[in-house]
Every structure is written in structure tokens, then in C-alpha cells.
Amino acid sequence: MKHTIDLRHPILIDNKEIKRLEYDVDLIDTDMFVEAFTLSTQVNTGGGAKVSVAETDASLHLYLGFMAIKACNPSMDIMDLKRIKGMDIITIMGIGRNFTCMTAEESDPSDSDQQSEPTAGYIMPV
């Protein structure tokens, strides 16, 4: 599903000021995921071995956010998106974080309104 981000700090792409970006995490494919991981590895380690967990890797989150934007805007390059600054970075990082952590908006609906079944548990004798 497409969403939009209104940038606090517009960026110039091909001499055009961009204030709004569309993105869609559902359009991230395996190649984009691997590219995001590869780019985040280069940031964190200079290309060496990377030891992190996807759910807590801020640079991976940022690049996944970039990929979600690039999926809706194929003419944009990652170098264009790297000119984003300020709190707009945090907004885009949040897109990638939500992608790796599957937020409530993106997760399956729960049955939390239904009463749970009783479960057998260990009861300590008094």
C-alpha cells in the first residue's frame, strides 16, 4: 500500500525540489532487500563482516526505507535519497524498522477481543 512522506527539508533531484515522497514496503523485492543489507554493511564496517540483528540495525532500517521510496520512484537513485537530512532521516528509518519488526499496522489482526481459553498450569501446593 502506497504512503507518502512530507519532507521537512526538501531535496533537489534533477534540479527539481522534492517535498513529498511516495513509498511502499510491499514493493521491496529480494534484490532490494539484499542491496539495503549490502549498503548498510558498508556503512557499519567499511565492507567488512557485519554482526547485527535486522530488527535493531538502524542503518539497515534507513536503507530499507530508501528501497521502499525507490520502489515507487524508480528514477530516484540512492545517492539522491542520501541527501535527506534532519528528522526526515528518522522518519525514513522508521519505515525500515517497521518493515523488519512488523508493526501492528502491518501485522495480522489479533483475536484480543475474544476471551482466551483456560490453560493448564502448574499450581504450587500450599
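Quick caveat: nothing in here was measured; it's all calculated off a predicted structure. (Residues numbered from 1 in each chain as written. Predicted model: local features only at pLDDT ≥ 70, side-chain atom pairs only at ≥ 80, totals over all residues. Heavy atoms only, no water.)

On to the side chain of Thr41, then. Relative to the elements of secondary structure, Thr41 occurs in helix H1 (residues 30-45). A distance of 2.9 Å separates the side chain of Thr41 from the backbone oxygen of Phe37, its partner in a polar contact. (Helix = DSSP H or I, 4+ residues; strand = E, 2+ residues; numbered from the N terminus. Polar contact = N/O pair within 3.5 Å; in protein donor to acceptor, adjacent residues only side chain to side chain.)

The subject of this paragraph is the nonpolar core. Within the largest apolar cluster, 25 residues are counted, with the highest numbers of intra-cluster contacts made by Leu21, Phe66, Ile69 and Leu81. Listing elements by their share of this core, those giving two or more residues are strand S1 (3-13), strand S2 (16-23), H1, helix H2 (58-72), helix H3 (78-81) and helix H4 (87-101). The leading source of residues in this core is H2, at eight residues. If we ignore the near neighbours within four places in the chain, the residues touching Leu81 are Leu21, Phe66, Ile69 and Met76. (Core = buried A, V, L, I, M, F, W, Y, C linked by side-chain atoms within 4.5 Å. Buried < 20%, exposed > 50% of the residue type's maximum accessible area, 1.4 Å probe, protein only. Contact = heavy atoms within 4.5 Å.)

Right, let's get into a nonpolar patch on the surface. A cluster of nonpolar side chains, namely Phe33, Val34 and Phe37, defines an oily patch on the protein surface of about 250 Å² accessible area. Residue placement: Val34 occurs in helix H1. (Patch = residues over 30% accessible without salt bridge, like charges linked within 9 Å, V, L, I, M, F, W, Y side chains within 5 Å. Areas by Shrake-Rupley, 256 points an atom, 1.4 Å probe, with all protein chains shown as cover. Salt bridge = Lys/Arg side-chain N within 4 Å of Asp/Glu carboxyl O.)

We now examine the packing of H2 against H4. Look at H2 against H4: their axes get within 7 Å of each other, and the N-to-C directions meet at 95°. By the angle between their directions, the pair H2 and H4 is classed as roughly perpendicular. Of the residues in H4, those touching H2 at Ala58, His61, Leu62, Leu64, Gly65, Phe66, Ala68 and Ile69 are Ile89, Ile92, Met93, Ile95, Gly96, Arg97, Phe99 and Thr100. Residue classes in the contact of H2 with H4 are distributed as eleven nonpolar, four polar and one charged. (Axes fitted to C-alpha atoms, helices over the stretch in contact; angles between N-to-C directions. Parallel < 35°, antiparallel > 145°, perpendicular 65-115°, else oblique. Nonpolar A, V, L, I, M, F, W, Y, C, P; charged D, E, K, R; others polar.)

Within the chain, residue pLDDT values average 82, and 73% of them lie at 70 or more. With pLDDT under 50 throughout, residues 106-116 is counted as low confidence; its partners more than four residues away or in other chains account for five contacts. (pLDDT = per-residue confidence, 0-100.)

This part takes up the packing of aromatic side chains. For any pair of aromatic rings, geometry is given as the distance between the ring centres together with the angle between the planes. What the rule picks out here adds up to two aromatic pairs. For the pair Phe33 and Phe99, a centre-to-centre distance of 6.4 Å together with 45° between the ring planes defines the contact as tilted. Of this pair, Phe33 sits in helix H1 while Phe99 sits in helix H4, and the two are 66 residues apart along the sequence. Here Phe33 falls in the partly exposed class, since its relative accessible area comes to 31%. On the basis of relative accessible area, Phe99 is assigned to the partly exposed category, the value being 29%. For the pair Tyr63 and Phe66, a centre-to-centre distance of 5.6 Å together with 85° between the ring planes defines the contact as edge-to-face. Of this pair, Tyr63 and Phe66 are both found in helix H2, three residues apart, which corresponds to roughly one turn of the helix. The two residues Tyr63 and Phe66 agree in class, both being buried. (Phe/Tyr/Trp six-rings, centres within 6.5 Å; stacked < 30°, edge-to-face > 60°.)

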